[in-house]
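Results of the structural survey
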Amino acid sequence: MKSWSLSGSEQFALRYADGPQLYITEQSRSEIKNGTILRLAISPARAARQLLDRIQSHGIDARLEALKELAKLSADPTFATEFISMEGIGTLARLVESGTHFGEMLAFTLTAFLELMDHGIVSWDLISLSFIKQIASYVNQPMVDVSILQRSLAILESMVLNSHSLYHRVAQEITVGQLIGHLQVSNQEIQTYAIALINALFLKAPEDRRQEEHTNPLDQRLTEMASTLAQKHLRSIILNHVIRGNRPIKAEMAHQLYVLQVLTFNLLEERMMTKMDPSDQAQRDIIFELRRIAFDGENDSSGTEKRKAMYTKDYKMLGFTNHVNPAMDFTQTPPGMLALDNMLYLAKLHQDTYIRIVLENSSREDKHECPFGRCAIELTRMLCEILQVGELPNEGCNDYHPMFFTHDRAWEEFFCVCIQLLNKTWKEMRATAEDFNKVMQVVREQITRTLAMKPSSLDQLKGKLRGLSYSEILRLRQSERMSQDDFQSPPIIELRERIQPEILELIKQQRLNRLCEGSCFRKLGNRRRQEKFWFCRLSLNHKVLHYGDLDESPQGEVPFELLTDKIPVSDIKSVVTGKDCPHMKEKSALKQNKEVLEQAFSILYDPDENLNFVAPNKYEYCIWTDGLCALLGREMGSDLTRSDLDTLISMEMKLRLLDLENITIPEAPPPVPKEPSTYNFTYNYG
C-alpha cells in the first residue's frame, strides 16, 4: 500500500479482474489459482456506503449509474452483506414503493433487490404489503418493459416459495387468470417466468389448504386456481403459444412445463387418497350406475333398494373382487375413489366402449374373461405411479408430455385409452385370473415405452400403443436380453471372461473421451428460475479437470481458455454420490427428492474442498461417475456400464461364434481318445 502512496488499508480490497469480479476475503483467498489476475478496488463497506448515498442523490444520471453499478455488485456476497447491514434493502424497497422510478432505473433497482435477497441474509417476511402491491402492479399492467416484468415475476415467485405469509399476500394480488396473458407473448423468458409463478402458487397452495378451514377465502382461492388450471382456455394457450410457438423449447421452459404437468395431476391426489365408505348411499349409487349402464337398456329407477340384493351376479360380471359389496374394492388407497371416477367417466363418456368391454368378457365361459373392475382399479394405481400423482416435482427434470395439454379431461381420456389397451393385451395373452399380475407388468411396459416416444396427442398415443402388441413386447424383450440364456455352457463362459477385460477397457476409453468433451451443469439453490450454468471437462492428457461459470447453456464444446478454474486429478481424494454429497445435506424442499439425490455426486480434494455436481440426467451421471472412477483407478459400477458391458460382450461373442451357428456347443471338451495298440499304420521313411 505504501508503494502506491495509499493510506488506510482497510479502505481497499482485492477483486478478481475477470468473470463475476468477486471480492477476495480471508475465507476465499485459498481459492485463488495461479495466474489469476486481481485488481485493487475500494473495500466492500466503502463501496456500499458510496452507492447507498449515490442512489439517494437528486441527480437522475448519477442515480442511474449508481443503480446500474449496484445491480452488478449485488451478486457479490461480501458486498451484499455490507450493503444490507446499512439498511440498503429497505432503501431499495422505498424507492420501488414511491412509484417514481421507471424504465432502466426501475429495472436496475429490481435487479439489485432480487440479487441481494437471493443471498438469504435477510428474511422475505420483512417485505411490506405496499412493496408487494407495487410489484404486483407491474405484472398486472397491460404494457410494461420486458426487463421490469421479468424481475417482477421472479420477485413474486421468490416471495411465494420462501415465505408462508407472503404467499397469502401475493395470492390476494395475483391470480392465475391474470398471468395467462403473459403466456401469449412471443418472449420465451417471460412465458417461463409466468409459468414458474403459476407453479409456485400451486406448489404452496395444497399446504395452505390442509392448514386452513374450508371456509377460509384462501381455500376458495385454491379452488378457483384449480378450476382455472382445468380450463380449456389455459391449456390451449400453453399448447399453441408455449409448446408449439417455441422452437426449440429451452431446458428451463421444459422443466416448468413438467412441473405444471405434475402439479395438475396432483389435483387428483385428494380423490386418490379418499377411501370409499361402504355405508355411503351416494357412493354406492355410483357403482349401481355402472351396473345399470352395462346391463340395463333403460333407466330403471323403480324399486332400486329391493333389487340391489339380486345384483351379485352382475357385479361379478363387472369384474369386482367383492361380488356382494363391491364398495369394499375401493377402500384401499391409492387409488381410492379416483378409480371409481375413472370407471364412471368411461361408462358415461365412452358408453359403447364400456359396454363392449364388459359384455364381451362377462359372456365368456372359458376362464379367459378380463375382470373389468379389478383391472380398472389396478390400472388407476399404476397410472398414478407413472405420472407421479401426489409427488413433488423433481428438480432438473424436463419430462413433460404435450398430449396432456391437448384435452380438457386428459387424465380420464388417458385412462380410457389404457383400459382398452389392457383389455386387448389380456386377449392377446389369452390370460386367466392367475395371470393378472403378469398382464399388468406387460401393460406397464407398453405404456412407459410409449410415453418415452413423446406422443404429441392422444391419437398419436393410440397409434403407438397399437404398434406395441404383446408379441412386439416379447420381441423387444428377447432382443434386449441378447440371448443371455443361450450362453451358459463352460466354454462360452470362459470365452466371455477372456473378452471382458478388452470390453471394459473400451468402455473406460469412451468414458474418458466424454469427460474430455465436457458437460454443462445447472446451478442449484437459486430460488429464481433464472438459468445459471457451469461447464466442466477433462484435459486431453487426463491430468486436470477444468471448470468455470457460463452465462448460458453452450451449444457445443467449450474451449479450455474460458474455464478459469482447475483441479489436478492427482489432488482428488474421493468421489461421493447421493446423500453423502455436501450439497445434498443442505435443506431444500425440492433438493431432497429422489431423482436429484440419484443424480448428485461430488469430488473431494484437499481438506474441506469439494466440487459439487447434479447431472442433468441419469446418462450424464453414469458417464461422469464412471469416468472419475476410471481416473482414480477404481471399478466402474454404474448401471450404464453394466448395460454397455452386456451389450458389447454379447455382440462380440455373436461375431466370434458366427461360424458355429446351429451347431450345439458341448458342455465339456471332447475326451482325448486312448492311444492305439500299435503304431504300424505310420509310414516308415526308412
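Attention here is on the structure that accompanies the text.

Parameters and conventions
- Residues numbered from 1 in each chain as written.
- Predicted model: local features only at pLDDT ≥ 70, side-chain atom pairs only at ≥ 80, totals over all residues.
- Heavy atoms only, no water.
- Helix = DSSP H or I, 4+ residues; strand = E, 2+ residues; numbered from the N terminus.
- Expected span 1.5 Å × (residues − 1).
- Buried < 20%, exposed > 50% of the residue type's maximum accessible area, 1.4 Å probe, protein only.
- Polar contact = N/O pair within 3.5 Å; in protein donor to acceptor, adjacent residues only side chain to side chain.
- Salt bridge = Lys/Arg side-chain N within 4 Å of Asp/Glu carboxyl O.
- 1 Å grid on protein atoms, 1.4 Å probe; cavity = no way out; pocket = protein on both sides within 12 Å on 5 of 7 lines; lining within 4 Å.
- Points joined across faces, edges and corners; volume = space filled by probe spheres on them.
- Core = buried A, V, L, I, M, F, W, Y, C linked by side-chain atoms within 4.5 Å.
- Contact = heavy atoms within 4.5 Å.
- Pairing = 2+ DSSP bridges.
- Axes fitted to C-alpha atoms, helices over the stretch in contact; angles between N-to-C directions.
- Left-handed = near helix turned anticlockwise from the far one by under 90°.
- Nonpolar A, V, L, I, M, F, W, Y, C, P; charged D, E, K, R; others polar.
- Phe/Tyr/Trp six-rings, centres within 6.5 Å; stacked < 30°, edge-to-face > 60°.

Moving on: helix α27 (residues 618-631). Here α27 is 14 residues long and its end C-alpha atoms lie 20 Å apart, about the 20 Å a rise of 1.5 Å per residue gives. Within α27, 12 of the 14 residues are buried, which leaves it mostly tucked inside the rest of the structure. Among all positions of α27, only Glu620, Tyr621, Cys622, Ile623, Trp624, Thr625, Asp626, Gly627, Leu628, Cys629, Ala630 and Leu631 are buried. By the N-cap criterion, in which a side-chain oxygen at the helix start approaches the backbone nitrogen of a residue two or three places on, α27 is capped by Asn617, the distance to Tyr619 being 3.2 Å.

Here we come to the side chain of His168. Looking at where His168 falls in the secondary structure, it is placed in helix α8 (residues 164-173). A distance of 3.3 Å separates a polar atom in the side chain of His168 from a polar atom in the side chain of His164.

As a further point, take the pattern of salt bridges. Side-chain pairs of opposite charge can arise whenever the charged atoms involved come near each other. Going through the model one piece at a time under the given rule, you end up with 27 salt bridges. In this structure, Arg511 engages Asp626 in a salt bridge whose closest nitrogen and oxygen atoms are separated by 3.1 Å. Here Asp626 lies in helix α27 and Arg511 lies in helix α25 (residues 490-517), a separation of 115 residues in the sequence. Judged by its relative accessible area of 1%, Arg511 falls in the buried class. In this structure Asp626 comes out as buried when scored by relative accessible area, which is 1%. One salt bridge in this structure joins Arg514 and Glu517, with 3.6 Å as the shortest N-O distance. Of the two residues, Arg514 and Glu517 both sit in helix α25, 3 residues apart, roughly one turn of that helix. Residues participating in the shared-partner salt-bridge network are Glu445, Arg449 and Arg477.

Tallying each qualifying case throughout the model produces 3 cavities of 30 Å³ or more. In this structure, the largest cavity spans a volume of roughly 100 Å³. Lining of the largest cavity is provided by 11 residues; of these, Gly396, Arg522, Val614, Ala615 and Pro616 occupy positions nearest its centre.

This part covers the nonpolar core. Formed by 86 residues in total, the largest nonpolar core has its most connected members in Leu92 and Met159. Top contributing element to this core by residue count: helix α10 (residues 188-211), with 11 residues. Residues within four places of Leu92 in sequence aside, it is in contact with Ile55, Leu67, Leu70, Phe83, Thr109, Ala112, Phe113 and Leu116. In this structure, Met272, Ile287, Cys416 and Leu422 belong to the second largest nonpolar core, which totals 67 residues.

Let us now look at unusual backbone geometry. Pro334 follows Thr333 through a cis peptide bond whose omega is -20°. Assignment of secondary structure puts Pro334 in the loop between α17 (312-317) and α18 (337-349). Note that the residue after Pro334, namely Pro335, is joined by a cis bond; omega there is 15°. Within the element layout of this structure, Pro335 appears in the loop between α17 and α18. Within the chain, Gln388 stands out as a residue other than glycine whose phi angle is a positive 60°. Secondary-structure assignment places Gln388 in the loop between α20 (372-386) and α21 (410-429).

Looking along a regular strand, one sees side chains alternate from face to face of the sheet. Judged by how many residues are buried, strand β4 (residues 533-538) sits mostly within the fold: 6 of 6 residues are covered. Side chains Phe533, Phe535 and Arg537 project from β4 onto one buried face, and the interleaved Trp534, Cys536 and Leu538 project onto a second face that is buried too. In terms of strand pairing, strand β3 (residues 519-522) meets β4 through 4 bridges, oriented antiparallel. In the strand pairing of β4, Cys520 is matched with Phe535. Direction of pairing for β4 relative to strand β5 (residues 544-550): antiparallel, over a ladder of 6 bridges. If you follow Phe535 over to β5, its bridge partner there is Gly548. Between β4 and β5, which follow one another and run antiparallel, lie 5 residues, and His542 among them has a positive phi close to 65°.

Another aspect to go through is the sheet that holds strand β8 (residues 600-605). Taken together, the 3 strands give an open sheet; going across it, the order is β7-β8-β9, and neighbouring strands pair in antiparallel fashion. The open sheet has two edge strands with one neighbour each: β7 (572-577) and β9 (610-614). Each adjacent strand pair in this sheet contributes to an overall mean axis angle of 15°, direction not counted. Two elements, β8 and β9, share 5 bridges in a ladder whose sense is antiparallel. When the bridges of β9 are listed, Ala600 appears paired with Val614. α27 rests against β7, β8 and β9 of the sheet, and its axis sits at about 25° to β8.

On to the packing of helix α15 (residues 281-295) against α18, then. With their axes 10 Å apart at the nearest point, α15 and α18 run at an angle of 35° to one another. Like other packed secondary-structure pairs, α15 and α18 cross with a definite hand, here left-handed. Counted together, Gln283, Ile286, Ile287, Glu289, Leu290 and Ile293 of α15 and Met337, Leu340, Met343, Leu344, Ala347 and Lys348 of α18 form the full contact between these two elements. Tallied by class, the residues present in the contact of α15 with α18 amount to 9 nonpolar, 1 polar and 2 charged.

Further remarks concern the packing of aromatic side chains. Scanning all chains against the criterion turns up 18 aromatic pairs. Centre to centre, the rings of Tyr354 and Phe372 are 5.4 Å apart; their planes meet at 70°, and the pair counts as edge-to-face. Of this pair, Tyr354 sits in helix α19 (residues 351-362) while Phe372 sits in helix α20, and the two are 18 residues apart along the sequence. The burial state of Tyr354 is the same as that of Phe372; both residues are buried.

Honestly, that's just the spatial picture; any functional story needs more than this.
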